[in-house]
Amino acid sequence: MTYDRKTGKPIASAVMKISPTVISFEVLSEERVTGTVTTEIKTQQEEDVEEHSSSQGRISYESRGECFFLPYTIEDIECEETLKAGDKVVFQIATDKRTGNLYARHIQTEAGALLQQQQRFQGVICSLKESFGFIERADVVQEIFFHFSEAKSFMEMELGDDVEFSIQRRNGKEVAVSVVRLPEGTVIFDDINPEQIKGQVLKVVDRSSSRHQSDTLPGKIQFYRDEKEYELPFGEKDLDTTFTILVKDWVQFNVATDRRDQVQRATNIELLEESFSMSEETREMGMVVVVKEGFGFIKCQDRESRMFFHFSELLDQSRQVQPQDEVEFSVVQDATVPSRQNAIRIRYLPHGTVTFEQISKETYTGTVEKEPSNQFGRSPSKAKDEINRNGSVGSEFGQIAYGDEPNQTVSYCITDCDPRNLPKIGDKVQFSICESKCNGAKVALEVKVVGRSAKNGFKYMHQGYVAALKDGFGFIESLEHDQEIFFHFSVYDGEVSHLDLGAEVEYGVSQKNSRISAECVRRLPKGTIEADDVRDEMLEGVVVRPIRCFNPDQDEYSGLIRLGGKEENSEEELYEFGITSLQDKREFLQNGDVVQFQIAVVKSNGKERAANVKAIRKKLQATVEAIKGQFGFLSHEVEDGKKLFFHMSEVKDSVLLQQGDKVEFVIIHNQRSGRYSACNVTRLSISGPRPEHMICRFRSQSVSDEGGPRLIVLRQPRGPDSTNGFKCSRDRADSLPLATTG
């Protein structure tokens, strides 16, 4: 029942026709009552004669000293005799739920009721509904209906229970009454021959439509005895198995003879192992991957889709199915869902029997043509499952060319390579091939690099100079000095700690996600790359654009030097320069820096560029104020009285500075951060310890309150030129006293 959303009125839904005995508007008394017929029911002829005669009769009975008269109709009479006035009868009292009126129901003569109560029958409950059921009788091949009111322990009854009952006729049909449970095994239908017979199934029971079949024994088994051919029927209850039985299966069974009609049938049917070897069914293998409540799914070895199965199809019902169990099964079309196939007759296999891929014993050699574009962005196992399902190669896979045939390639996954020696484009590798059994997709396994040669491994080879070294990566200046190429330290063949700025290298180029990077970088001996022709004339100029490594915000790699002074003119000469143009590769050139340089002619393209560039800067001197790890501070003050910062990488010859050392340096201004720092730091002198005689003098001196005032230096004196002390001499007489006593 549902309700209308607008009005809220109840609406009957899902209306189904049911048996008229299920719903009753009357309540029957549990005990039967004895009474006397006072008014008999007139026959049809008598009713035609008497217009006002009634089609109802009346029965009187006494209860607690009072006499009651109950109406009844001809349908309430269950005996074949015609009731007359004064006949003694036995009946049940029915109370109408709607009006409360009383009626006499299930009327029998007193002698007939006594005879029926004395005769009892036996059977087995074969069907149970919400308020009624059916019993398979043991005396005849027939089922009989019973209502829950006729069984005192109806809620405790189950299918297959042995029961005893009496029979009454109601509405012209026989029904079971006074139903009582019996001990298990009391009711026996068949006599079973203990001899086991071997036979072959000719016709199977269709379990999907077994409830609607009129034939209770639809199956057939053929067997031979004394060189004669026999056939026996069987039903669904005669199977000792829950899994599917197929035609031509070899089975063993017993012969059962029904005591009621002497009909013989096959029972206790068990499947023989030889059915799988002698039958024509196709057996497949797979692995259980999903287990639910009562069903699961199998990953097939020879097909891409997963196969549904029900627990009832397991041959070994004593073992609990688990994921990763390897099984063998047959495939049939699902009777309820035409687009689905099911696995049946499932048998467990030893671990290691099922393989989804076939690995070649032969070892192949090939060349890497493509690297995985996103090596760690996705689970490799999921990526490999995808290529096994549809045979396509995604961005998670690289490609290796091998064999003599054109365009013969195989994909590989990054997890099948040595992580310490990953193959790059152009590398020669050895591998074995794994072929999927379901779709024939091939994947390379155990990929090993056997030849890593930049010259032979890449289609184009390049040479250049190390332009910058960062934390874990660096940049290479091209041979034409017009661009810088990124490279990671992992692609460098050698110790990165031995690599210097300006070092000559050779490398290959690969493109990943529209970015160009260097691969297989290796150092060349000094002088391998032919030097540019440098003119002798020394020129002066001003930097108008730094190198990109000094100013990452600019697009052009090369810096520019304008020949002449700082004044701009219409006919100015500009010369490009890079990291290799600097005389000191650690020189930090900025806009406006005055430099000296020479002109060099590039061998590869004949262009002129600046070479041996050297900054003309004023050098200052100061002492080391503090050292903190890889950086420190000098006593020279810059903006807002802050000490001048310097990095240890700017110290010449990698000298280890200490607090108090005197150094010479140049101040530079970082245009990006707006901060000042020292570069080209050179140590001039070492701050030594105090002389021994001074130390001894300080130890022997004692300071007391009576001897004079105690002075504490709060700040060292500083002159106008930012040096400690005063360079200008002063007369002693002109000096002011520092402290007074008294």
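On a predicted model such as this, the values are computed, not experimentally measured, just so you know. (Residues numbered from 1 in each chain as written. Predicted model: local features only at pLDDT ≥ 70, side-chain atom pairs only at ≥ 80, totals over all residues. Heavy atoms only, no water.)

Draft legend 1. Region of the structure containing the overall build of the protein. Of regular secondary structure, the protein possesses 6 helices and 46 strands. Counting every position in the protein, which comprises 742 residues, the buried fraction comes to 36%. In the protein, of all internal contacts separated by at least 6 residues, the share reaching a separation of at least 24 is 57%. On the protein, roughly 46,900 Å² of surface is accessible, and the fraction owed to carbon and sulfur atoms is 48%. (Helix = DSSP H or I, 4+ residues; strand = E, 2+ residues; numbered from the N terminus. Buried < 20%, exposed > 50% of the residue type's maximum accessible area, 1.4 Å probe, protein only. Contact = heavy atoms within 4.5 Å. Areas by Shrake-Rupley, 256 points an atom, 1.4 Å probe, with all protein chains shown as cover.)

Draft legend 2. Just the pattern of salt bridges, in detail. According to the stated counting rule, one finds 33 salt bridges in the structure shown. In this structure, Glu-608 and Arg-535 form a salt bridge, with 2.6 Å as the shortest nitrogen-oxygen distance. On the criterion of sequence distance, the pair formed by Glu-608 in strand 41 (residues 608-615) and Arg-535 in the loop between strand 36 (533-534) and strand 37 (539-545) is long-range, its members being 73 residues apart. You can call Arg-535 partly exposed: its relative accessible area is 41%. (Salt bridge = Lys/Arg side-chain N within 4 Å of Asp/Glu carboxyl O.)

Draft legend 3. Structural detail: the confidence of the model for the protein. When the pLDDT values of the protein are averaged, the result is 81; 83% of them are 70 or greater. Below a pLDDT of 50 lies the segment residues 375-381, which in the model reaches 6 contacts outside its immediate sequence neighbourhood of four places, other chains included. Ignoring residues within four places in sequence, the model shows residues 732-742, a span with pLDDT below 50, making 2 contacts including any to other chains. (pLDDT = per-residue confidence, 0-100.)

Draft legend 4. Seen up close, the sheet that holds strand 45 (residues 662-669). Taken together, the 5 strands give a closed barrel; going around it, the order is 42-43-44-46-45, and neighbouring strands pair in mixed fashion. Ignoring strand direction, the axes of neighbouring strands in this sheet form an average angle of 50 degrees. (Pairing = 2+ DSSP bridges. Axes fitted to C-alpha atoms, helices over the stretch in contact; angles between N-to-C directions.)

Draft legend 5. Spatial organisation of the environment of Phe-473. Relative to the assigned elements, Phe-473 resides in strand 32 (residues 473-478). Owing to a relative accessible area of 29%, Phe-473 belongs among the partly exposed residues under this scheme. C-alpha separation for the pair Phe-473 and Val-496, spaced 23 residues apart in sequence, amounts to 9.7 Å. The contact partners of Phe-473, leaving out residues within four places of it in the chain, are Phe-486, Phe-487, His-488 and Phe-489.

Draft legend 6. Geometry of the nonpolar core. Within the largest apolar cluster, 23 residues are counted, with the highest numbers of intra-cluster contacts made by Ile-561, Phe-577, Leu-582, Leu-589, Val-595, Phe-597 and Val-613. Listing elements by their share of this core, those giving two or more residues are strand 37, strand 39 (574-577), strand 40 (594-601), strand 41 and strand 45. For Phe-597, the residues in contact, after removing those within four places along its chain, are Glu-537, Met-538, Leu-539, Glu-540, Gly-541, Ile-561, Leu-563, Tyr-575, Ala-610, Ala-611, Asn-612 and Val-613. Of all hydrophobic cores here, the second largest spans 17 residues; its members include Val-201, Val-205, Leu-232 and Leu-271. (Core = buried A, V, L, I, M, F, W, Y, C linked by side-chain atoms within 4.5 Å.)

Draft legend 7. Seen up close, the packing of aromatic side chains. Evaluated as defined, the whole model comprises 25 aromatic pairs. Between Phe-473 and Phe-486, the ring centres sit 5.6 Å apart and the planes meet at 35 degrees, which makes this aromatic pair tilted. Residue Phe-473 is found in strand 32, and its partner Phe-486 is found in strand 33 (residues 484-488); the two are separated by 13 residues along the sequence. Among the aromatic residues, those joined into a cluster by ring pairs are Tyr-61, Phe-68 and Phe-91. The ring of Phe-25 carries Arg-98 above its face, with NZ or CZ at 4.3 Å from the centroid. Cation over ring: Arg-340 sits above Phe-308, and NZ or CZ is 4.4 Å from the ring centre. (Phe/Tyr/Trp six-rings, centres within 6.5 Å; stacked < 30°, edge-to-face > 60°. Lys NZ or Arg CZ within 6 Å of the ring centre and 35° of its normal.)

Draft legend 8. Inspection of the pairing of strand 17 (residues 228-234) at higher detail. Note: strand 16 (residues 219-225) against strand 17, 7 bridges, orientation antiparallel. Looking at the pairing, Tyr-224 lines up with Glu-229 of strand 17. In this structure, the hairpin formed by strand 16 and strand 17 is closed by a connection of 2 residues, where Asp-226 is found at a positive phi of approximately 55 degrees.

Draft legend 9. Broad picture of the environment of Gly-199. Structurally, Gly-199 is set in strand 15 (residues 197-203). Along the chain, Gly-199 and Glu-231 lie 32 residues apart, while their C-alpha atoms are 9.2 Å from each other. Discounting residues that sit within four places of it in the chain, Gly-199 has contacts with Ile-221, Gln-222, Phe-223, Asp-249, Trp-250, Val-251 and Phe-253.

Draft legend 10. Geometry of the pairing of strand 20 (residues 284-291). Where strand 20 meets strand 23 (residues 326-333), 4 bridges bridge the pair, whose relative direction is antiparallel. Bridged to Met-287 within strand 23 is Glu-326. As judged from the 5 bridges shared by strand 20 and strand 21 (residues 295-300), these two strands associate in the antiparallel manner. Residue pairing in the sheet places Val-288 in a bridge with Ile-298 of strand 21. Turn length for the strand 20-strand 21 hairpin, with the two strands adjacent in sequence and antiparallel, is 3 residues, and the turn residue Gly-294 shows positive phi of about 95 degrees.

Draft legend 11. Looking closely at the state of the cysteines. With the rule as written, the count across this model stands at 0 disulfides. No disulfide involves Cys-413; its sulfur sits 7.8 Å from that of Cys-417, the nearest cysteine. (Disulfide = S-S within 2.5 Å.)

Draft legend 12. Molecular detail of the environment of Thr-282. Mapped onto the secondary structure, Thr-282 falls in the loop between helix 3 (274-278) and strand 20. In this structure, the C-alpha to C-alpha distance between Thr-282 and Val-331, residues 49 residues apart in sequence, is 7.8 Å. Every residue in contact with Thr-282, bar those within four places of it in the chain, is listed here: Phe-329 and Ser-330.

Draft legend 13. Structural view of the sheet that holds strand 11 (residues 143-147). Spatially, the 5 strands close up into a barrel ordered 9-10-11-13-12, and their pairing is mixed. Across the sheet, the axes of successive neighbouring strands diverge by a mean angle of 55 degrees, strand direction being ignored. Strand direction decides the pairing type here: strand 11 and strand 13 (residues 173-181), joined by 2 bridges, are parallel. Paired with Phe-146 across the two strands is Ala-176, which belongs to strand 13.

Draft legend 14. Spatial organisation of unusual backbone geometry. Within the chain, His-106 stands out as a residue other than glycine whose phi angle is a positive 50 degrees. With respect to the helices and strands, the residue His-106 is situated in strand 8 (residues 102-109). In this model, Gln-324 sits at a positive phi of 80 degrees, which is unusual for a non-glycine residue. Secondary-structure assignment places Gln-324 in the loop between strand 22 (306-310) and strand 23.

Draft legend 15. Here's a closer look at the side chain of Asp-334. Looking at the element boundaries, Asp-334 is found in the loop between strand 23 and strand 24 (341-348). Overall, the relative accessible area of 7% leaves Asp-334 in the buried class. Here the side chain of Asp-334 touches Asn-342 through a polar contact of 2.8 Å, side chain to side chain. In contact with Asp-334, other than residues within four places in its own chain, are Arg-340, Gln-341 and Asn-342. (Polar contact = N/O pair within 3.5 Å; in protein donor to acceptor, adjacent residues only side chain to side chain.)

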